[in-house]
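The chain contents come next:
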Amino acid sequence: MAAPKKGRSASAQSRPGRSLAFILIAIAALTGGMFLSGHPTPRLGIDLAGGTSITLTAKNEPGQPNAINKTNMNTAVDIMNRRVNGLGVSEAEVQTQGSDNIIVNIPKGTNSKEARDQVGTTAKLYFRPVLATEVSGSAATASPSPSASSSSSSKATDKATDKATSSSSASPTSSTTSQGRAVTDALKADSTPSASSSASSSASPSASSSASPSATSSASASAAASKLEAQYTALNCADKEQRAKAGEGSKATDPTVACGKNSSGQWQKYVLGPAEVSGTDIKSASAVFDTQSAAGWKVTMEFTSGGSKKFADITGKLAKNQSPQNQFAIVLDGDVVSDPFVQQALTGGNAEISGSFDQTEAQSLANMLKYGALPLTFKESSVTTVTAALGGEQLHAGLIAGAIGLGLVVIYLVVYYRGLSIIAIPSLLVSGALTYVIMALLGPTIGFALNLPAVCGAIVAIGITADSFIVFFERIRDEIREGRSLRPAVERAWPRARRTILVSDFVSFLAAAVLFIVTVGKVQGFAFTLGLTTVLDVVVVFFFTKPLMTLLARRKFYASGHKWSGLDPKALGAKPPLRRTRRPSAPVDPKEA
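In short, a report on the structure. (Residues numbered from 1 in each chain as written. Predicted model: local features only at pLDDT ≥ 70, side-chain atom pairs only at ≥ 80, totals over all residues. Heavy atoms only, no water.)

Quick look at the overall build of the chain
Regarding its fold elements, the chain presents 18 helices and 15 strands. In the chain, which comprises 593 residues, the proportion classed as buried is 45%. Partitioning the intrachain contacts of the chain with sequence separation of at least 6 by distance along the chain shows that 76% fall at a separation of at least 24. (Helix = DSSP H or I, 4+ residues; strand = E, 2+ residues; numbered from the N terminus. Buried < 20%, exposed > 50% of the residue type's maximum accessible area, 1.4 Å probe, protein only. Contact = heavy atoms within 4.5 Å.)

Examining helix α2 (residues 16-36)
With 21 residues, α2 extends 31 Å between its outermost C-alpha atoms, agreeing within 8% with the 30 Å of an ideal straight helix rising 1.5 Å per residue. Within the span of α2, buried status applies to Pro16, Leu20, Ile23, Ile27 and Met34. Projection of α2 onto a plane perpendicular to its axis shows the buried side chains occupying an angular sector of 70 degrees, all on one side. Facing away from the buried surface of α2 by more than 90 degrees, the exposed residues are Arg18, Phe22, Ile25, Ala29 and Leu36. (Expected span 1.5 Å × (residues − 1). Arc of directions from axis to C-beta.)

With respect to the side chain of asparagine 101
Considering the arrangement of structural elements, one finds asparagine 101 in strand β3 (residues 101-107). In this structure the side chain of asparagine 101 is engaged in a polar contact, spanning 2.9 Å, whose partner is the side chain of threonine 57. Setting aside its immediate chain neighbours within four residues, asparagine 101 contacts Thr55, Leu56, Thr57, Met73, Gln95 and Thr96. (Polar contact = N/O pair within 3.5 Å; in protein donor to acceptor, adjacent residues only side chain to side chain.)

Notes on the state of the cysteines
As used in these notes, a disulfide is a covalent bond between sulfur atoms, one from each of two cysteines. One pass over the full model with this rule turns up 1 disulfide. Shown here is the disulfide that connects cysteine 237 with cysteine 259, its sulfur atoms set 1.9 Å apart. Around the S-S axis, the bridge from cysteine 237 to cysteine 259 shows a dihedral of about -75 degrees and counts as left-handed. Separated by 22 residues along the polypeptide, cysteine 237 in the loop between α8 (219-234) and α9 (240-245) and cysteine 259 in strand β7 (residues 256-261) bring together distant segments of the chain. When its relative accessible area of 0% is taken as the criterion, cysteine 237 is described as buried. (Disulfide = S-S within 2.5 Å.)

Concerning the pattern of salt bridges
Note that side chains of opposite charge can pair when their charged atoms are close. All chains considered together, the criterion is met by 11 salt bridges. A salt bridge links lysine 298 to glutamate 352; the shortest N-O distance between them is 3.2 Å. With lysine 298 in strand β11 (residues 296-303) and glutamate 352 in strand β14 (residues 350-357), this pair connects stretches of sequence that are 54 residues apart. We note a salt bridge from lysine 546 to glutamate 491, for which the minimum N-O separation is 3.6 Å. Within this pair, whereas lysine 546 is found in helix α16 (residues 522-552), its partner glutamate 491 is found in helix α15 (residues 486-518), the two being separated by 55 residues in sequence. Glutamate 491 shares its class with lysine 546; the two are buried. Members of the salt-bridge network, linked through shared partners, are Glu479, Arg484, Arg492 and Arg496. (Salt bridge = Lys/Arg side-chain N within 4 Å of Asp/Glu carboxyl O.)

A closer look at the packing of helix α13 (residues 421-446) against α16
Contact geometry of α13 with α16 gives a least axis separation of 9 Å together with a crossing angle of 140 degrees. When the axes of α13 and α16 are compared, the crossing they make is right-handed. Between α13, through Ile422, Ile423, Pro426, Ser427, Val430, Ser431, Leu434, Thr435, Ile438, Met439, Leu442 and Ile446, and α16, the contact on the second element is made entirely by Phe528, Thr529, Leu532, Thr533, Leu536, Val540, Phe544, Thr545, Leu548, Met549 and Leu552. When grouped by side-chain class, the residues that make up the contact of α13 with α16 number 17 nonpolar, 6 polar and no charged. (Axes fitted to C-alpha atoms, helices over the stretch in contact; angles between N-to-C directions. Left-handed = near helix turned anticlockwise from the far one by under 90°. Nonpolar A, V, L, I, M, F, W, Y, C, P; charged D, E, K, R; others polar.)

Observations regarding the packing of aromatic side chains
Counting across every chain of the model gives 17 aromatic pairs. Centre to centre, the rings of phenylalanine 311 and phenylalanine 328 are 5.7 Å apart; their planes meet at 85 degrees, and the pair counts as edge-to-face. In this pair, phenylalanine 311 sits in helix α10 (residues 305-318) while phenylalanine 328 sits in strand β12 (residues 328-332), placing the two residues 17 residues apart along the sequence. What makes phenylalanine 328 buried here is its relative accessible area of 2%. Measuring from ring centre to ring centre gives 6.3 Å for tyrosine 412 and tyrosine 417, while their planes differ by 80 degrees; the resulting arrangement is edge-to-face. You can call tyrosine 412 partly exposed: its relative accessible area is 41%. Aromatic rings pair up to connect Tyr412, Tyr416, Tyr417, Phe472, Phe473, Trp494 and Phe542 into one cluster. (Phe/Tyr/Trp six-rings, centres within 6.5 Å; stacked < 30°, edge-to-face > 60°.)

Quick notes on unusual backbone geometry
Keep in mind that most residues, glycine aside, have a negative phi and that most peptide bonds are trans. The residue after serine 323, namely proline 324, is reached through a cis peptide bond having omega 5 degrees. Looking at the secondary structure, you find proline 324 in the loop between α10 and β12. Positive phi is not limited to glycine here, since arginine 418 has a value of about 50 degrees. Among the structural elements, arginine 418 can be located in the loop between α12 (388-417) and α13.

Some details on the packing of helix α14 (residues 452-481) against α15
One can describe the packing of α14 onto α15 by two numbers: an axis separation of 8 Å at closest approach and a directional angle of 145 degrees. As for the relative orientation of α14 and α15, their crossing is right-handed in sense. Across the contact of α14 with α15, the residue classes break down as 12 nonpolar, 4 polar and 6 charged.

Some remarks on the nonpolar core
One finds Leu420, Phe473, Ile476, Leu486, Met549 and Leu567 to be the most contacted residues of the largest nonpolar core, which totals 48 residues. Those elements that place two or more of their residues in this core are α2, α12, α13, α14, α15 and α16. Setting aside residues up to four positions removed in sequence, methionine 549 forms contacts with Leu420, Ile423, Phe472, Phe473, Ile476, Val490 and Leu567. (Core = buried A, V, L, I, M, F, W, Y, C linked by side-chain atoms within 4.5 Å.)

Re α10
With 14 residues, α10 extends 20 Å from end C-alpha to end C-alpha; this agrees with the ideal 20 Å at 1.5 Å per step. Every buried residue of α10 is listed here: Gly307, Ser308, Phe311, Ala312, Ile314, Thr315, Gly316 and Leu318.

Points about the environment of phenylalanine 289
Mapped onto the secondary structure, phenylalanine 289 falls in strand β10 (residues 282-290). You can call phenylalanine 289 partly exposed: its relative accessible area is 45%. Sequence spacing of phenylalanine 289 and glutamine 359 is 70 residues, and the spatial spacing of their C-alpha atoms is 8.3 Å. In contact with phenylalanine 289, other than residues within four places in its own chain, are Gly296 and Trp297.

Looking at the environment of phenylalanine 341
Here phenylalanine 341 shows up in the loop between β13 (335-338) and β14. Between the C-alpha atoms of phenylalanine 341 and leucine 318, which are 23 residues apart in sequence, the distance is 8.1 Å.

Shown next, in the form of structure tokens:
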């Protein structure tokens, strides 16, 4: 009985059509998804399609003349980069320019307004006690003056229990009404300041200021209180210019006025006391989903050791007051992003804010709390639109370079491998089609933007893919040189070629992954594209190149070693075919009986 032949797989040889059908169906499905998504072309980065460029100029805080330094600027860049790119993999670029400027480039096609808002809110974050508040602008039904005293309000029945309910102002941009519940024994998110202020006609901020521990009866304090009262009375938070100037020039140690939106979408104006806790006192903040009580999304905060004591002190004081003076405002860049109220001191260094947030609102508030504390103040010096003309020229030049490179590879394959180029060229086309379709789908999915370095990565991938074909073809030729026919040569060459291809692609992918992790900005586009095309190279070789080679090996043109097939045994210097021959038996001497 003949020994079974090694290195062969009957299923692999008899069913290569399945692999080809699989990859062709996958390409068709991905292409259909691309057109259904409404994005038939990849998103382009700012260097190829234009976009928005924002210049921010750093300013020293009062009393800190040396705050503008390399360390603080790098910290600011890191925070802004996290904020902007936290909106999605938008390929936004944040970098320093000179000693006191930061340039933020936002590609066309991203939500530039939201990104500008995130970059713009880069001043310090403070927790300030609320002294008075009411609805501002045309939405207000009345304009009562603030008062330290209050009668019954919508929160009069609230108790310091875990089941007490309130409404929540998740962020100044929230427009949905939400009912909150007490969390961490006393902290609640408040969204009904208008109800409390309308039900209790407040007196004046001067009275509120006098009620605070820092107030004095001196003439200077009275003058400051009168000025603050006048600012509060005149403030119309529905006016964009007035909102921008509210509290301008005030220090952290001074009372101030501020604006924010309540959960009904109405602009609310506030009189706020001196800052008691700063953003640097927050160690971490995150948005989590409450699975235990099914209360929805909430924001958890962890304070530093110093911040924990400050937070416990201020919440203890606020818990003794009536609404709205039992609230503290979370103020970021002069805007009130949330105004939870307190019913007892919060100790332990941890706190939670709940209020039926949705995921976006909770993550937005947590992002502001976590990255809100910058060591510097920044002013938006200029906002310009980058023209796409230069980007179009660069893209055109990149595509020409890619076409030239691809053309040279095709010429080399045709000249050197002849008939085998019929396998290599379609494999390159399949790899290119997969790369294009996946890049187009990644745009709306994760915000991937194709920049010039990414185009370079795609051009480099042509060589990586062609190298895999060359490894496979050369292994087949080695087997033919050993005297084997084509079909056994293909099956014996594949295990060796496969091992070499996998090791080579693994090294390329590892390099791309390390480059993506340790770099920022546009270089990440090169690394991402290089890693993506390396993975696709493995897919194409396994599911297209090898099955196609198996099918063509059955054709007479290739199997007979035609001189134009690229597998001519004579041209390759093949040895005579391997044949099994019997050993001649040695003569046997007759034995004597």
